[in-house]
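As a plain string of letters, each chain reads:
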Amino acid sequence: MRNNRAMVVVPHRIAVLALDQVVGLDLGTPSQVFGTARTDDFQQLYTVDACAPGGGPVRSTAGFQVVPDHGLELLDAADTVIVPGIHGGPPLADGTLAPEVTAAVRAAHERGARIMSICTGAFVLAAAGLLDGLRATTHWAYADRFRRLHPAVDLDPDVLFIDSGRVLTSAGVAAGLDLCLHVIRTDHGSEVANRSARRCVVPPWRDGGQAQYIERPVPRAAETGTAATREWARQRLHEPVALRDLAAHARMSVRTFTRHFRSETGLSPAQWLLQQRTEHARLLLETTDLSVDQIARHAGFGTTAALRQHFHQRVGVAPTAYRRTFHRVS
């Protein structure tokens, strides 16, 4: 509804569920990230509150206790429920969850709330039966344990987060930032998400996935990374950039460059370029009046058909449908 010229925003309600041995950073991430999401006239787009079984207190892994303001009843009215990571307890030990927590989380899901987990919070969602048959992720170091406890879940430990619609999971620790920014981007567009990222002093979108952070032998000091070449390519998304061009800029052979690139980003150069072109097309669809054909050229897809194909594969909707939802031009 409009009051004079101002649109009154009803904030989206987020409940953060803290369980025993909650990870401190995971617990604070939602309030920090979603708290920075504002309209152009600085109205809050989200409210974030914490809860615990019985209202707490709850032990954290950082040497302090958490005393939330609410009990599990907070989940009854939440639009989104977020479960931070834990470093102990029955969900990690044997894949079980207290009956009252299971009932509260499942009830929120059944009435239509969005359910999210950060890091090992995925063990909680799996123990509640919300991940069976779905693709999900968690911290790479817990992948084997997760598969053993929850074989019905399609676990992918190589990505930063997975959006399965109303159930979303993220990888370890800082990947919770990526997931929260993704949700803001989905709810309100890239411009709002980018502003939140700047306020949190983090990149709005990280290249690649969790695979780049998995422990592996340290490369020889003489070997050169590909970061400078990735930035060079970002400035030329409107141009045709071939693999040999990237390798030449990095002063490597194609084979060596490809190996380094995949090690650093978790993606092949071709996959990474498609990701960058798609994200640039999203931004142009949201913030300009360029035609879809012009955007296809600016983003380096060449043809409208190519843009439509790759955009639908990565985003799930056609460019025109995306623009109808997120287009914002002053």
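The present account deals with the structure reproduced in this document. All of these numbers come straight from a predicted model, not from anything done at the bench.

1. Here we look at helix α6 (residues 175-188)
Since there are 3.6 residues in each turn of an α-helix, residues three or four apart along the chain are aligned in direction.
Moving on, step 1. Here α6 spans 20 Å end to end across 14 residues, near enough to the 20 Å set by a 1.5 Å rise per residue.
Moving on, step 2. Of all 14 residues that make up α6, ten are buried, and the element is covered over most of its length.
Moving on, step 3. Taken together, the buried positions of α6 are Ala 175, Gly 176, Asp 178, Leu 179, Cys 180, Leu 181, His 182, Val 183, Ile 184 and Arg 185.
Moving on, step 4. Looking one or two residues past α6, Gly 189 carries a phi angle of roughly 95 degrees, positive in sign.

2. Some details on the nonpolar core
Moving on, step 1. Grouped together as the largest cluster of nonpolar side chains are 34 residues, with contacts concentrated most on Leu 17, Val 105, Leu 131 and Phe 146.
Moving on, step 2. Secondary-structure elements contributing two or more residues to this core are β3 (12-17), β7 (80-83), α3 (99-110), α4 (121-127) and α5 (143-149).
Moving on, step 3. Look past the residues within four positions of Phe 146 in its chain and what remains in contact with it is Ala 122, Phe 123, Ala 126, Leu 131, Thr 138, Val 153 and Leu 155.
Moving on, step 4. If you look at the next biggest cluster of nonpolar residues, it comprises 31 residues, including Leu 27, Cys 119, Ala 175 and Val 183.

3. Side note on the sheet that holds strand β4 (residues 46-51)
Moving on, step 1. Across the sheet, six strands lie side by side as β4-β3-β7-β8-β12-β11; this open sheet has mixed pairing. The sheet is open, and its two edges are formed by β4 and β11 (161-163), each paired on a single side. On average, each strand axis in the sheet is tilted by 15 degrees relative to the strand beside it, whichever way the strands run.
Moving on, step 2. Bridging between β3 and β7 involves three bridges; their strand directions are parallel. Looking across to β7, one finds that Ala 15 is bridged to Val 81.
Moving on, step 3. This element, α3, spans β3, β7, β8 (114-117) and β12 (167-170) of the sheet and lies at about 130 degrees to β8.
Moving on, step 4. Packing of α6 onto the sheet brings it into contact with β4, β8, β11 and β12, and relative to β12 it is tilted by some 145 degrees.

Reading the values: rules and limits
- Residues numbered from 1 in each chain as written.
- Predicted model: local features only at pLDDT ≥ 70, side-chain atom pairs only at ≥ 80, totals over all residues.
- Heavy atoms only, no water.
- Helix = DSSP H or I, 4+ residues; strand = E, 2+ residues; numbered from the N terminus.
- Expected span 1.5 Å × (residues − 1).
- Buried < 20%, exposed > 50% of the residue type's maximum accessible area, 1.4 Å probe, protein only.
- Core = buried A, V, L, I, M, F, W, Y, C linked by side-chain atoms within 4.5 Å.
- Contact = heavy atoms within 4.5 Å.
- Pairing = 2+ DSSP bridges.
- Axes fitted to C-alpha atoms, helices over the stretch in contact; angles between N-to-C directions.

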